[in-house]
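Given next are the chains, with one letter for each unit.
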Amino acid sequence: MNPISENIKQRLSLRKPLQVALDILTQLAGELELKKEVDLKTELEKVQDLYPTCTDFEREFVSICYSIATGVGKTRLMGACIAYLYLEKGIKNFFVLAPNLTIYNKLIEDFGNSSNPKYVFNGIAEFVHNKPVIITGDNYNQQSSLFSETEIRINIFNVSKFARETKPTKEGGRNLAPRIKRLSEYLGQSYWEYLSNLNDLVILMDEAHRYHADKSKEAINELKPILGIELTATPIDEKGNQFRNVVYEYSLAQALTDGLYVKNPTIATRKDFNPQGRSEEEIEKIKLEDAVSIHEDTKQELKLYALNTGKKLVKPFILVVCKDTTHAKAVYDLVTSVGFYDGAFADKVLQIDSTTRNEELIEQQFISLESEDNEIEIVIHVNMLKEGWDVTNLYTIVPLRAANASVLVEQTIGRGLRLPFSGERTGNEKIDKLTVVAHDNFNRVIAAAQDPNSILNKLKFVEIDATQLNERTEVVTVQSTITAAIQKEQEEVNKIAEPVQKQKQQNIVDAKKVLVNVIPFFNTNSQVKKVDDLMKPEVKAEVMKAVQKELNTGQGNLFAPQIAAEAEVLYEKLVANFKKNIIEIPRMDLVQGEVTASFDDFDLNTNNFTYDQLTEEIIRIGIKDKKVDTIEVKKGVYYGKPEKLIISELINFSEVDYDANADLLHKLAKQVLSELQSNLKEGEDINTVVFQWRSIIANRIYAQMMEHFRLHEPEYIKPNVRPFTRIEEWNFTALKNAGHKDYRDENFPAAQVPKFVFRGFEKSCHFEYKFDSRTEQTFAFILENDKEVLKWLRPAPNQFRIYWHHNSKIYEPDFVVETADCIYLIETKKADEILSNEVQTKAQAALKYCNYATEYTAEHGGKPWKYVLIPHDKVANNNSFKMLTNVQG
């Protein structure tokens, strides 16, 4: 375990496949010569012994390849490799090759702009004050300070420019040397000569399959690097041959199987679709219509996710792949016409091919599709998919007139697999999914998917029901009952025509609004331990001050005095109404502490702890006569107690903390000293033996200690508890037409429950809810109709802050239920999932919350909290709430 590479993994938050790749570099860097003029056969044997897949470097220098799927983070791996080689090996010169202008510009940003969110060296402390110098294909001939001893230099070149710069040119009828090989007035030599003479140049090749042609190979070989690191998702050269220098592969198939770092690709067709008897134009129109249906659904889900999580809003787009430019123009005319969704996409379509812009500008336009202010929703494209077009917001692909559907799908899905939220799946299936619409070739694609060697065998297949095509959705925000009631009052005020009466009523409504806005913040007031404490005169006085401040913030309100007076009058009535319409949910951030480690107590196995004292001599050589004589060292310097010397060596290991393990360390040190003392020969000194062998002795003790090493799951940190919080609003999608149902209505398939918004509730803290299953809908029916239940809530995603899974996830309970003597946190779950690790881990977090909540309410006169986990097969309309809370899983 290399401490530098472990540190880099942690600081750069490397994903598991990238950690493995860095471990491989760490291991090989310790075996290879890492210098010019090495015996390539010997070096290859070293690599092949460890990684048999590497059978040939394929270059005139040592070069290894990582085959890593698109979207997993090849750029971040390059940054990790550079950081490791600099920090561990002192290598300061790097040369990065990019396959096109888009990636070239992207790499300059990622490696050189420390304010860029994707800056690859974020967290590397050594690069903060010694920031790497970025030298590009555009400014290399202007460099004048290349020879600083401390700076790290990263050269970034676009391969096409690199190729141009290394070709001879003509000027005025004269043959000139390639530009990069001409004399530089700053360097006194050509830049090419400067690079090729460096003793520590490492070359990194992004999309390495672009640099296996004979000419590019020659140019790269001339640089004479000490090491090449190649990265590609497709380790196949221009002639179709597999790379022979691959040391690690994390394929797209593996990434799809793991389901962590790329979107879940799905092939879609319309249900019962039969292409026979249909023209190509008709099939295209159906596919485009279905693509828009999928796109609109995805767009609403992304909007909802942003509202519920506070994360950035991602705007998805559709990629339509056409046969040629004539075909692309026809499709463009169709989707921008009034006949296509009434012209809704007229200004939201981008056609990019050889007839529209030059290639480099096309790539830049495509990349800008991720920008928030970009309104493009459909991109029409001819088969020009290249590296660098890996935007994160591509969610729907429509291949039109594909001769070989399976080949086209394999080529196109890679362009849409990147994930927009920190490169990881969210857990929301709809926004973790990439859809390829393939009606006319659906059966052929499915047949291809049966091939175990095809990437397609990892895809999922869905059918679009024609009845769902007209189901348009919208994002709906559902306010708490008290806020919704005030909103209804506002609507009535808006109808009043008489100005004086209207203003008077408006002042009353504004007073209620400001009170409802201000009151929840008083959960931090030292005098407020429950909602009833808001009635205290001294608390009311402070609330009124907050109301005045709120009304006079910013531009203020012309009627602030009147509104404040109304608030004073309405205060007690509104607080009572506030209490009636909420459940007093204690607010706390329930977070886990750090993972702790310890060593079990044990006795050292001291067998073979025998070390002979080494003779130490001073050698003298005559300057003129070259005579040599030796003098034995007479010990006179005290190096410390043997016990302390051993312990000092042991605490150099990262797992060994002195404060936590002092007793064990002293015990083991004494045991080994006792053994060493008993094995001393005549004339030997224990202090000297320990000093000479201390490192080896500590390593042997450490090896035994690690057999007794334990990692402990983190405990929850005691939270700061507040008495109550506001009831958060809900955001979800609803069908625009016939999307609402009464909660008592079960006359429709259970599978359709998640589609509808349910109404008719009288006890809940919101007037509308959506449910994930029939079980939840039925449970809501029980809550509404059981006399034991006073109030209930289906909490919004941000209502609780209960963290689990090492604080990486937030637990969202299904229900909160209040009765006369208790408040329940409730989860309904499939019976066969009750004992799963995930459900039980979340249950432990919920129990902790209830324990802390009860501890607080017991002290301040509130109700206890209980957590209940209910199997789905116990939930039925004729069951009572009391019975269900007694049959928990």
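Just so it is clear, the structure is predicted and the values come from calculations on it, not from any experiment.

### Considerations on the nonpolar core
Then, in step 1: Leu534, Leu825 and Tyr849 are the most contacted members of the largest nonpolar core, which has 94 residues in total.
Then, in step 2: With near-sequence residues (within four places) excluded, Leu534 lies in contact with Ile519, Phe522, Val528, Val539, Lys540, Tyr571, Val575 and Phe724.
Then, in step 3: Within the second largest apolar cluster, 80 residues are counted, among which are Ala80, Val262, Leu350 and Val436.

### Details of the sheet that holds strand S26 (residues 789-793)
Sheet strands line up and pair through hydrogen bonds in the backbone, either parallel or antiparallel.
Then, in step 1: Spatially, the four strands line up as an open sheet ordered S26-S29-S30-S31, and their pairing is mixed. With one partner strand each, in any of the chains shown, S26 and strand S31 (865-871) form the two edges of the open sheet. Across the sheet, the mean angle separating the axes of adjacent strands is 25° when strand polarity is ignored.
Then, in step 2: Bridge count between S26 and strand S29 (residues 815-819): four bridges; the pairing is antiparallel. Bridge pairing links Leu793 to Val816 in S29.
Then, in step 3: Sheet strands touched by helix H23 (residues 837-859): strand S30 (823-829) and S31. Its angle to S31, the strand with the most contacts, is close to 155°.

### Describing the sheet that holds strand S27 (residues 801-804)
Then, in step 1: Taken in spatial order, the three strands of this open sheet run S18-S27-S28, and their pairing is mixed. A single partner strand is all that each edge strand has here, and the edge strands are strand S18 (589-590) and strand S28 (809-811).
Then, in step 2: In this sheet, S28 lies alongside S27 in antiparallel orientation, the contact comprising three bridges. Bridge assignment links Ile802 to a residue of S28, and that residue is Tyr811.
Then, in step 3: Here H23 sits on the sheet in contact with S18, S27 and S28, set at roughly 140° to S27.

### Considering the environment of His295
Then, in step 1: Tracing the chain through its elements places His295 in helix H10 (residues 280-309).
Then, in step 2: Looking at His295, the relative accessible area reads 1%, which means it is buried.
Then, in step 3: Separated by 99 residues in the primary sequence, His295 and Leu394 place their C-alpha atoms 9.8 Å from one another.
Then, in step 4: Among residues more than four places away in sequence, those in contact with His295 are Pro316, Phe317, Ile318, Glu377 and Thr396.
Then, in step 5: A polar contact of 2.6 Å, which involves the side chain of His295, links it to the side chain of Glu377.

### Quick word on a negative patch on the surface
Then, in step 1: Side chains of Glu31, Asp39, Glu45 and Asp49 sit close together on the surface and give a patch of like negative charge.
Then, in step 2: Inspection of the secondary structure assignment puts Glu31 in helix H2 (residues 16-31).

### Here's the deal with the packing of aromatic side chains
Then, in step 1: The final tally for this structure, using the stated rule, is 30 aromatic pairs.
Then, in step 2: Ring centres 5.5 Å apart and planes at 50° place the aromatic pair Tyr86 and Phe127 in the tilted group. Taken together, the residues Tyr86 in helix H4 (residues 74-89) and Phe127 in the loop between helix H5 (101-112) and strand S3 (133-136) connect sequence positions 41 residues apart.
Then, in step 3: Since its relative accessible area comes to 17%, Tyr86 is described here as buried.
Then, in step 4: The buried category is assigned to Phe127, whose relative accessible area is 3%.

### So, unusual backbone geometry
Then, in step 1: Despite not being glycine, Glu37 has its phi angle at roughly 55°, a positive value.
Then, in step 2: Here Glu37 is to be found in the loop between H2 and helix H3 (40-50).
Then, in step 3: Phi is positive for Asn608, which is not a glycine, with a value near 65°.
Then, in step 4: Inspection of the secondary structure assignment puts Asn608 in the loop between strand S19 (596-599) and strand S20 (617-621).

### Considering helix H16 (residues 499-518)
Then, in step 1: Between its terminal C-alpha atoms H16 stretches 28 Å, which fits the 28 Å expected from 20 residues at 1.5 Å a residue.
Then, in step 2: Of the residues making up H16, those classed as buried are Gln506, Asn507, Ile508, Val509, Asp510, Ala511, Lys512, Val514, Leu515, Val516 and Val518.
Then, in step 3: Those residues of H16 that are buried lie in contact with helix H15 (481-493), helix H17 (537-551) and helix H18 (560-580).
Then, in step 4: For H16, the side-chain oxygen to backbone nitrogen distance between the N-cap and Val500 is 3.3 Å, and the N-cap itself is Glu498.

### Points about the pattern of salt bridges
Then, in step 1: In total, this model carries 39 salt bridges according to the counting rule given.
Then, in step 2: Here Glu126 and Arg11 are joined by a salt bridge, their closest N and O atoms 3.1 Å apart. Linking Glu126 in the loop between H5 and S3 with Arg11 in helix H1 (residues 3-11), this pair joins segments that are 115 residues apart in sequence.
Then, in step 3: Glu126 gets classed as partly exposed once you look at its relative accessible area, which sits at 36%.
Then, in step 4: Residue class for Arg11 comes out partly exposed when judged on its relative accessible area of 29%.
Then, in step 5: Between Lys863 and Glu818 there is a salt bridge, with its nearest N and O atoms 2.7 Å apart. Of this pair, Lys863 sits in the loop between H23 and S31 while Glu818 sits in strand S29; the two residues are 45 residues apart in sequence, bridging distant segments of the chain.
Then, in step 6: Accessibility expressed as a relative area gives 9% for Glu818, which makes it buried.
Then, in step 7: Through salt bridges with shared partners, a single ionic network connects Glu33, Lys35, Glu43 and Lys46.

Quick notes on the rules
Residues numbered from 1 in each chain as written. Predicted model: local features only at pLDDT ≥ 70, side-chain atom pairs only at ≥ 80, totals over all residues. Heavy atoms only, no water. Core = buried A, V, L, I, M, F, W, Y, C linked by side-chain atoms within 4.5 Å. Buried < 20%, exposed > 50% of the residue type's maximum accessible area, 1.4 Å probe, protein only. Contact = heavy atoms within 4.5 Å. Pairing = 2+ DSSP bridges. Helix = DSSP H or I, 4+ residues; strand = E, 2+ residues; numbered from the N terminus. Axes fitted to C-alpha atoms, helices over the stretch in contact; angles between N-to-C directions. Polar contact = N/O pair within 3.5 Å; in protein donor to acceptor, adjacent residues only side chain to side chain. Patch = residues over 30% accessible without salt bridge, like charges linked within 9 Å, V, L, I, M, F, W, Y side chains within 5 Å. Areas by Shrake-Rupley, 256 points an atom, 1.4 Å probe, with all protein chains shown as cover. Salt bridge = Lys/Arg side-chain N within 4 Å of Asp/Glu carboxyl O. Lys, Arg positive; Asp, Glu negative; His and termini not counted. Charge placed at Lys NZ, Arg CZ, Asp CG, Glu CD. Phe/Tyr/Trp six-rings, centres within 6.5 Å; stacked < 30°, edge-to-face > 60°. Expected span 1.5 Å × (residues − 1).

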